[in-house]
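# Geometric and topological summary
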Amino acid sequence: MNFLALSAFLLSFHTFTLGKPIQGNQETSGTGERDLHQDDIIYRRRRTQRSAMSCSGSCYWPKSEDGLINIPVNISTEFSVEERAAIDEAMQEFMALTCIRFISRTTEHDYLDISAANKCFSYIGKIGGRQQVGLVKYGCTYKGAIQHELSHALGFIHEQVRSDRDKHVKINWEYVAAGEHGNFKKVTSNNLDLPYDYASVMHYGIYDFSYYSGKATIVPIRNTSIPIGQREGLSNLDVKKINKLYSCNYCSTVLPSSSGNFSSDNYPSSYPSNVRCLWLIRIPLEKVKVFLKFQDFDLQYSPNCASDYIRIYDGIDRNSSVLVDRFCGAGQLPAVVASGNMMLVEFVSNKEATVAKGFTASYTHVTCGRTFTAASGTITSPNFPGKYPKNLACVWIISAPVGSRISLTMSSFELEDINGCKYDRLIIRDGGQIGSQVLGPYCGKMKVPAFKSTGSFLQIEFHTDIAFHYSGFKLEYSIISPS
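Quick caveat, the model's predicted, so the values are computed rather than measured.

### Some points on the overall build of the chain
Per the secondary structure count, the chain includes four helices and 28 strands. If you take every contact in the chain between residues at least 6 apart in sequence, the share linking residues at least 24 apart comes to 78%. Put simply, the chain shows about 20,800 Å² of open surface, and 50% of that area lies on carbon and sulfur atoms.

Put into structure tokens, the structure is as follows:
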């Protein structure tokens, strides 16, 4: 099949995407009825598939009456437990942020069959019947690579072949390996009136298909240092493209930096009514925990926060455990620490107009810590009673029901003893506001007195430097219910 036929096929989908070849240059042959294009896209021969020119909207997965796009999926038992978990995580990110729903296939005629293969590949859009998505075991069974192939199945092509790409990237044709030039040829595309996305999970990498070591085949034009070809997960624009193409009434944002800020719409003016907005915090670092705090919080109050509220999940989707459940009103909202590098924040407002201004929040990461909501518990420095590690930035949050108080008792305490506690130190914050009372810093063998909070929230911070480590601390807490 020639490239013009492929271009006509891709044009019929009225989409564009981004992508990096998941397995580099390992183009394979002998794929039966399938021809591979742009390294991982399959186009069936005309004798086995309807005319590409008459494909139109039927190549998209249909919307149900409830507004969701339900896509039946079968996952091969060839994959290990860990690989199946990676596939599930990749799908969960789509489902959390868009109206796409991957459901287990039962008897549906049209479905995705995710199976092990010697090549990572996918068809573009819905083709009908059993539709194979191929994943190489030990090669592309990780989240971003899986999402790349699933995005093809939703109808998206590679970003660097979209019609306006020459305004954004330069293709160094002289470095492209022989026989691989087709991977970089532009197609006519409807770009959904959205910006070019260097950060998309569908963009090729800077050295993909290069014949010369260290010679880039794709270079961003305005800023050559912009990273391209990431496989950490869906980009913010990836999400917007899916929601726009499939007319999902979703307000979703991906926050992929190591720190940042976000606010409700129109802040500090009144937020809109009848919205459900989601922010996925996905810090691109391993072995860290998301630390989220609110600088201002003002949501319309209702009993049990039945109308407007914030809910915070410890993970990638709304099936994750809940760290803060239905919080509303004005004033103090607990800071939160996730168990890992991802956190999902959900904001809901009802149909009634409000004069409440919403919220503004910031996030960063810490090396250790967690959020406690149980009635009592114990907090210790890492390795206690052994020596704590160097270069720690730990935050523990104790979040009690509204109206409750928290009692703290320190049973063991030994940190580096330096005047002013400027190296290793423990700090306790009585509340979640910028002006909340600060207890400490404590260091050395100071007596840390028993303490009762003035409200339902405490924040405990522990910092260490590069030398002179001691046994640390152990403290117990209990939540005191309102009398």
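Okay, back to it.
### Describing the state of the cysteines
A complete count under the given rule lists six disulfides for this structure. Linked covalently through their sulfurs, C305 and C328 form a disulfide whose S-S length is 2.1 Å. In this structure, the disulfide formed by C305 and C328 twists by about -80° around the S-S bond and is classed as left-handed. A residue pair is termed long-range when its members are at least 10 positions apart, and C305 in the loop between strand 13 (289-299) and strand 14 (309-313) and C328 in the loop between strand 15 (322-327) and strand 16 (329-330) qualify at 23 residues. Residue C305 is classed as buried on the basis of its relative accessible area, which comes to 9%. One disulfide bridge connects C421 with C443, the sulfur atoms lying 2.1 Å from each other. Measuring handedness by torsion sign, the sulfur bridge of C421 and C443 sits at about -70° and is left-handed. Here C421, found in the loop between strand 23 (405-414) and strand 24 (425-430), pairs with C443, found in the loop between strand 25 (437-442) and strand 26 (451-452); they are 22 residues apart in sequence, far enough to count as distant.

### As for the environment of P334
Summarising the element assignment, P334 is placed in the loop between strand 16 and strand 17 (336-337). Measuring from C-alpha to C-alpha, the distance between P334 and S456 comes to 8.5 Å, with 122 residues separating the pair along the chain. What P334 contacts, discounting residues up to four positions off in sequence, is F294, F327, S399 and F457.

### Digging into the nonpolar core
Membership of the largest hydrophobic core comes to 49 residues, with the highest contact counts inside it found for F102, L112, I114, L154 and Y246. Here this core takes eight residues from helix 2 (residues 81-97), the largest share from any one element. Aside from chain neighbours lying at most four places away, what touches I114 is V73, N74, I75, S76, F79, I87, V133, L135 and L150. Judged by nonpolar contacts, the second largest core, of 32 residues, contains L255, L333, M343 and A361.

### Concerning the packing of aromatic side chains
In this description, an aromatic ring pair is defined by two values, namely the gap between the centres and the angle between the planes. Summed over the entire model, instances satisfying the criterion amount to 21 aromatic pairs. Plain terms: the ring middles of Y196 and Y198 are 5.2 Å apart, the flat faces sit at 65° to each other, and that makes the pair edge-to-face. Exposure class is identical for Y196 and Y198. Each is buried. Taken together, the ring pairs in this structure connect F262, Y271, W279, F294, F297, F327, F347 and F359 into an aromatic cluster. Seen from the ring of Y309, R326 lies directly overhead, with NZ or CZ sitting 4.1 Å from the centre.

### Section: the sheet that holds strand 20 (residues 368-372)
Strand pairing within a sheet occurs via backbone hydrogen bonds; the two strands may be parallel or antiparallel. Ordered in space as 20-22-27-24-25, the five strands form an open sheet in which the pairing is mixed. A single partner strand is all that each edge strand has here, and the edge strands are strand 20 and strand 25. Across the sheet, the mean angle separating the axes of adjacent strands is 10° when strand polarity is ignored.

### What to know about the sheet that holds strand 18 (residues 342-349)
Reading across the sheet, the five strands line up as 10-12-18-14-15 and stay open at both edges, with mixed pairing between neighbours. On the outer flanks of this sheet lie strand 10 (251-255) and strand 15, each paired with one strand and no other. The sheet shows a mean angle of 15° between the axes of neighbouring strands, taken without regard to direction. For strand 14 and strand 18, the ladder comprises five bridges, and the chain directions are antiparallel. The partner of Y309 across the bridge, within strand 18, is V348.

### Section: the side chain of D113
Structurally, D113 is set in strand 5 (residues 111-116). Within the structure, D113 has its side chain in polar contact with the side chain of R130 (distance 2.8 Å). Excluding residues within four positions of it along the chain, D113 makes contact with N74, R130, Q131, Q132 and V133.

### Observations concerning the pattern of salt bridges
Counted by the stated rule, this structure contains 18 salt bridges. Salt-bridge contacts for R130 lead to D113; the nearest nitrogen and oxygen are separated by 2.8 Å. With R130 in strand 7 (residues 130-135) and D113 in strand 5, this pair connects stretches of sequence that are 17 residues apart. R318 is the salt-bridge partner of E346, the closest N and O atoms lying 3.5 Å from each other. Taken together, the residues span a long stretch of sequence, with E346 in strand 18 and R318 in the loop between strand 14 and strand 15 at a distance of 28 residues. Relative accessible area serves as the criterion here: at 29%, R318 is assigned to the partly exposed category. Salt bridges sharing partners connect three or more residues here, namely E159, R162, D164, D197 and K241.

The rules behind the values
Residues numbered from 1 in each chain as written. Predicted model: local features only at pLDDT ≥ 70, side-chain atom pairs only at ≥ 80, totals over all residues. Heavy atoms only, no water. Helix = DSSP H or I, 4+ residues; strand = E, 2+ residues; numbered from the N terminus. Contact = heavy atoms within 4.5 Å. Areas by Shrake-Rupley, 256 points an atom, 1.4 Å probe, with all protein chains shown as cover. Disulfide = S-S within 2.5 Å. Buried < 20%, exposed > 50% of the residue type's maximum accessible area, 1.4 Å probe, protein only. Core = buried A, V, L, I, M, F, W, Y, C linked by side-chain atoms within 4.5 Å. Phe/Tyr/Trp six-rings, centres within 6.5 Å; stacked < 30°, edge-to-face > 60°. Lys NZ or Arg CZ within 6 Å of the ring centre and 35° of its normal. Pairing = 2+ DSSP bridges. Axes fitted to C-alpha atoms, helices over the stretch in contact; angles between N-to-C directions. Polar contact = N/O pair within 3.5 Å; in protein donor to acceptor, adjacent residues only side chain to side chain. Salt bridge = Lys/Arg side-chain N within 4 Å of Asp/Glu carboxyl O.

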